[in-house]
Structures are given as structure tokens and as C-alpha cells.
Amino acid sequence: MNEANALPEAVLDALDDAVLVVDSEGRITWASARVEELWGYALREVSGKKLQLLLSYDVRDPDEKSARAGDSLPRGKRLEAYRKDGSVFPVRVSRVETRPGGPTLVLVRDRSDLVRARDRLRQLDQVLRTTGAGVAVVDRELTVVDGNPALDDLHGYGRGELVGAPLATIAPELVAGREFRELQAAGRLRLELSLIHI
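All figures in this text were calculated on a predicted structure; none of them were measured in a lab. (Residues numbered from 1 in each chain as written. Predicted model: local features only at pLDDT ≥ 70, side-chain atom pairs only at ≥ 80, totals over all residues. Heavy atoms only, no water.)

Participant: Lay out the overall build of the protein chain in plain terms, naming residues and giving numbers.
Facilitator: Counting its regular elements, the protein chain contains seven helices and eight strands. Expressed as a percentage of the 198 residues in the protein chain, the buried residues total 31%. Taking all contacts inside the protein chain whose residues are at least 6 apart in sequence as the whole, residues at least 24 apart take part in 37%. Here the protein chain has roughly 12200 Å² of accessible surface; of this, 52% comes from carbon and sulfur atoms. (Helix = DSSP H or I, 4+ residues; strand = E, 2+ residues; numbered from the N terminus. Buried < 20%, exposed > 50% of the residue type's maximum accessible area, 1.4 Å probe, protein only. Contact = heavy atoms within 4.5 Å. Areas by Shrake-Rupley, 256 points an atom, 1.4 Å probe, with all protein chains shown as cover.)

Participant: So what's going on with the pairing of strand β7 (residues 144–147)? Residues and values would help.
Facilitator: When strand β6 (residues 135–138) meets β7, the two strands line up antiparallel, connected through three bridges. Opposite Val137, over in β7, you have Asp146 as the bridge partner. Counting the residues between successive antiparallel strands, the hairpin from β6 to β7 contains five residues, one of them, Leu142, with a positive phi of roughly 60 degrees. (Pairing = 2+ DSSP bridges.)

Participant: So what about the confidence of the model for the protein chain? Which residues, and what values?
Facilitator: Scored by pLDDT, the protein chain has a mean of 79; 78% of the residues are at 70 or more. Below a pLDDT of 50 lies the segment residues 58–70, which in the model reaches 16 contacts outside its immediate sequence neighbourhood of four places, other chains included. Below pLDDT 50 for its whole length, residues 191–195 participates in 19 contacts with residues either more than four positions away or in separate chains. (pLDDT = per-residue confidence, 0-100.)

Participant: Mind laying out the environment of Arg109, listing which residues take part and the relevant values?
Facilitator: Residue position: Arg109 is located in strand β5 (residues 104–110). Residue classification places Arg109 among the partly exposed residues on the basis of a relative accessible area of 48%. Along the sequence, Arg109 and Pro90 sit 19 residues apart, while their C-alpha atoms lie 8.6 Å from each other. Every residue in contact with Arg109, bar those within four places of it in the chain, is listed here: Asp17, Pro90, Val91 and Arg92.

Participant: I'd like to hear about the pattern of salt bridges, residue by residue, with values.
Facilitator: Inspection of every chain in the model, using the stated rule, returns ten salt bridges. Of the charged contacts, one joins Arg129 and Asp146 as a salt bridge, the two residues approaching to 2.9 Å between their closest N and O atoms. Separated by 17 residues along the polypeptide, Arg129 in helix α4 (residues 112–130) and Asp146 in strand β7 bring together distant segments of the chain. We note a salt bridge from Arg159 to Asp152, for which the minimum N-O separation is 2.8 Å. Connected through shared salt-bridge partners, Asp125, Arg129, Asp146, Asp152 and Arg159 make up one network. (Salt bridge = Lys/Arg side-chain N within 4 Å of Asp/Glu carboxyl O.)

Set out below in C-alpha cells:
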């Protein structure tokens, strides 16, 4: 690597996203260190290979001969990526044309943690919506921002009527309790979007 390229490459290697440079034939000409971390391929193994080795997009275009290979890569799309070990993981892909007819910069973000978190939130939401215990979600000011159906049923409110109400409306003893106030004063009560069983 020459000195002129050392700084830009160091910056690209420091990004959380994997960065690939792809030529007009769709072949990888450069890859950041994150590529090796995400896919398990040594950088020399992907150099000169087609981008489809790593990503699930279809370049079999009816007008493939006239289209640049990088043009068929969707911008800002959620795709699947294939690791060397055969496992698949969700990614978001962005591309940047460096200049007309020049190489394409492809940025790939691993979405695995985001997808797992969304799945976990969906599961939690399902549990909260179906449990018989009343659960309130409150903000820092102890205002109800959401609640499950059991909360409304237990306190005789219609669905959503408690949103915007002070928590003390349905749990005055809890809010007035000494232990609750001490935890709040000590900053040990995390109230931002806290789940409170009522």
C-alpha cells in the first residue's frame, strides 16, 4: 500500500460497515478489514471475485451486456450475505459511484443485531399484550405512554385511555410509597420507558 492510499484505507478499515470497491465487471478490487470479520474470507480470497460471492442479488439482467455490473446492485436494500462457512446473515447495502465508468464503492452493514432485537421486541410485545398482569410503560415524568389490555381491564378504562395519564391515576400507593421515592431520588429507578407491573 502506498502512502497516498494509507490514510483513506485506514479510515475505511475503521468503519463499522464493510467496504468493498467493485469494478465495472462486478469484481472486487479492494476490501476493508471488516469484510474478513463479517464473512470469514481472507481479503486475498475475495480479491478479483464477483460480488455475488458475498451478497444475494441477481445481476442476470436481460440487458446485462450493456449494463454495468455495479448498476444492478440495489441501493439501500436489505439483502442476505453469505459467509465462508455457509451461514447467512441480513445486511443493508449502499453503493456510491466514484465517477462515471469508474469503480463502485459498496458499503455493507450487518443487520443481525437489529433483526434479533426486533424479533425479541415482537416476542416481548406479544407476551405483554396477552398476559393477565397489568403492565404500564411510563416516561421519566411517570406519565403512562403505553399499557397492555390487562392494564385497561383491571382499572376499568377503554383501550388507550390511560395514555397521557399520570401513573398515580392507577397506582397512587406505588408512586407515594417510600421505597419508590427513595429509589427515584437515588437515581436507581430507571423511569424512561420503564415497564411497571400494576
